[in-house]
Amino acid sequence: MNQGINHKKKILSEVLSRLKREYPDSACSLVHHDPFQLLISTILSAQCTDERVNKVTGPLFQKYPDAHAFASLSEVEIGKLIFSTGFYNNKARSIKATSIVILEEHDGNVPATLEALVKLPGVGRKTANVVLGNAFGIPGVTVDTHVTRLTNLLGFVKTKDAVKIEKELMILMDKTDWTLSAHLFIDHGRAVCIARRPQCQDCILNDVCVSTTV
Ligand code: SF4
């Protein structure tokens, strides 16, 4: 068992080294200036590209920069402003409710712990870890569709359950890699290990990947 874990640790470390060389500028692609803006952007990014979210949040945050501003809007008004990101009713409800809780229970500041973040309306572990890692510099393992697909294909996990993947990766990776690993997997998932048509012949990981087709 330990031998299995140690082997996976070694391979994952090698995978991350190669991905760091391949994607030296890998980072969070949601444009934000503070934890609140990243929180709202991450809520908006569900079922939406980061590119579209950034187009919406640019003008949005100029006019409504903080929890106070969003709490003063109605759900319908927020929905109109974020319409093009999809699922706007649910997202507007979460943004309004989260802004109120941040104002009333956290003095207008986004809390900096996983426990407090996941208690905010509409905020799950994925969003919480994005905010922790990228706005507060507190290591967090974010598990999205790319991370789920790649870590299964590479043989590090055998589950689609995001919480299980998060916990297994926390054991397999150095803490210093927790936040960056998601950005690296996302970059590789977009560029090479594309869903349903992975480009294994061009993949820098094909000699260590258990799912390679070459
Ligand atoms: S070898 Fe193929 S399946 Fe494995 S990570 Fe690369 S592209 Fe994905």
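Residues numbered from 1 in each chain as written. Predicted model: local features only at pLDDT ≥ 70, side-chain atom pairs only at ≥ 80, totals over all residues.

Asks: Honestly, the overall build of the protein in this entry has me stumped. Any pointers?
Replies: Each helix and strand counted, the protein has 11 helices and 0 strands in total. Listing every helix and strand of the protein by position from the N terminus yields α-α-α-α-α-α-α-α-α-α-α. Taking 214 residues into account, the globule formula puts the C-alpha radius of gyration at 17 Å, and the protein, at 18 Å, falls close to it. For the protein, the C-alpha atoms occupy an extent of roughly 55 × 30 × 25 Å along the three principal directions. Looking at the protein as a whole, 36% of its 214 residues qualify as buried. (Helix = DSSP H or I, 4+ residues; strand = E, 2+ residues; numbered from the N terminus. Rg over C-alpha atoms; globule rule 2.2 N^0.38 Å. Buried ≥ 20, exposed ≤ 12 C-beta atoms within 10 Å, placed from the backbone.)

Asks: What is the right way to look at the packing of helix α5 (residues 75–82) against helix α6 (residues 88–105) in this model?
Replies: Two quantities define a packed helix pair, namely the angle between the axes and the distance from one axis to the other. In the contact formed by α5 and α6, the axes pass within 8 Å of each other and the chain directions differ by 125°. On the basis of the axis angle, α5 is oblique to α6. Judged by the sense of rotation from one axis to the other, the crossing of α5 with α6 is right-handed. Of α6, the residues touching α5 (which contributes E75, I78, G79 and I82) are Y88, N89, K91, A92, R93, I95 and K96. Split by residue class, the contact of α5 with α6 holds 5 nonpolar, 2 polar and 4 charged. (Axes fitted to C-alpha atoms, helices over the stretch in contact; angles between N-to-C directions. Parallel < 35°, antiparallel > 145°, perpendicular 65-115°, else oblique. Left-handed = near helix turned anticlockwise from the far one by under 90°. Contact = placed C-beta atoms within 7 Å. Nonpolar A, V, L, I, M, F, W, Y, C, P; charged D, E, K, R; others polar.)

Asks: I tried to follow the site of the ligand on my own but got confused; where do I start?
Replies: Around the ligand sit 14 residues, and of these C193, P198, C200, C203 and C209 come closest. When grouped by side-chain class, the residues that make up the shell around the ligand number 10 nonpolar, 4 polar and no charged. (Near = placed C-beta within 6 Å.)

Asks: I'm lost on unusual backbone geometry in this one. Help?
Replies: In most cases, non-glycine residues show a negative phi, while peptide bonds are predominantly trans. At F87, a residue that is not glycine, the phi angle is positive and equals roughly 45°. By the C-beta count within 10 Å, which is 14 here, F87 ends up partly exposed. Here R196, not a glycine, exhibits a phi torsion of approximately 70°, which is positive. Relative to the helices and strands, R196 resides in the segment after α11 (178–191).

Asks: Would you explain helix α2 (residues 35–44) in this entry?
Replies: Three- or four-residue spacings in an α-helix give side chains the same orientation, since the helix completes a turn every 3.6 residues. When you tally the buried positions in α2, you get 9 out of 10 residues, the bulk of the element. Within the sequence span of α2, burial applies to F36, Q37, L38, L39, I40, S41, T42, I43 and L44. Taken together, the buried residues of α2 touch α3 (50–63), α4 (67–71), α5, α6 and α8 (125–135).

Asks: Looking at this model, I keep getting lost on α11. Mind explaining?
Replies: An ideal rise of 1.5 Å per residue puts 20 Å on 14 residues; α11 measures up with 21 Å between its terminal C-alpha atoms. Taken across its 14 residues, α11 has 11 buried, putting it largely inside the fold. Listing the buried residues of α11 in full gives W178, T179, L180, S181, A182, H183, L184, F185, I186, H188 and G189. (Expected span 1.5 Å × (residues − 1).)

Asks: So what exactly am I meant to see when it comes to the nonpolar core here?
Replies: A general trend in soluble globular proteins is that nonpolar side chains are found buried together. If you look at the biggest cluster of nonpolar residues, it comprises 26 residues, and the most contacted ones within it are L39, I40, I95, L117 and V131. Of all elements in the fold, only α2, α3, α4, α5, α6 and α8 reach the threshold of two or more residues within this core. Here this core gets 6 residues from one element, more than from any other, and that element is α2. Each residue touching I95, except ones within four places of it in the same chain, is listed here: I40, I43, F70 and I78. Membership of the second largest hydrophobic core comes to 23 residues, among which are L12, V15, M173 and C209. (Core = buried A, V, L, I, M, F, W, Y, C linked by C-beta atoms within 7 Å.)

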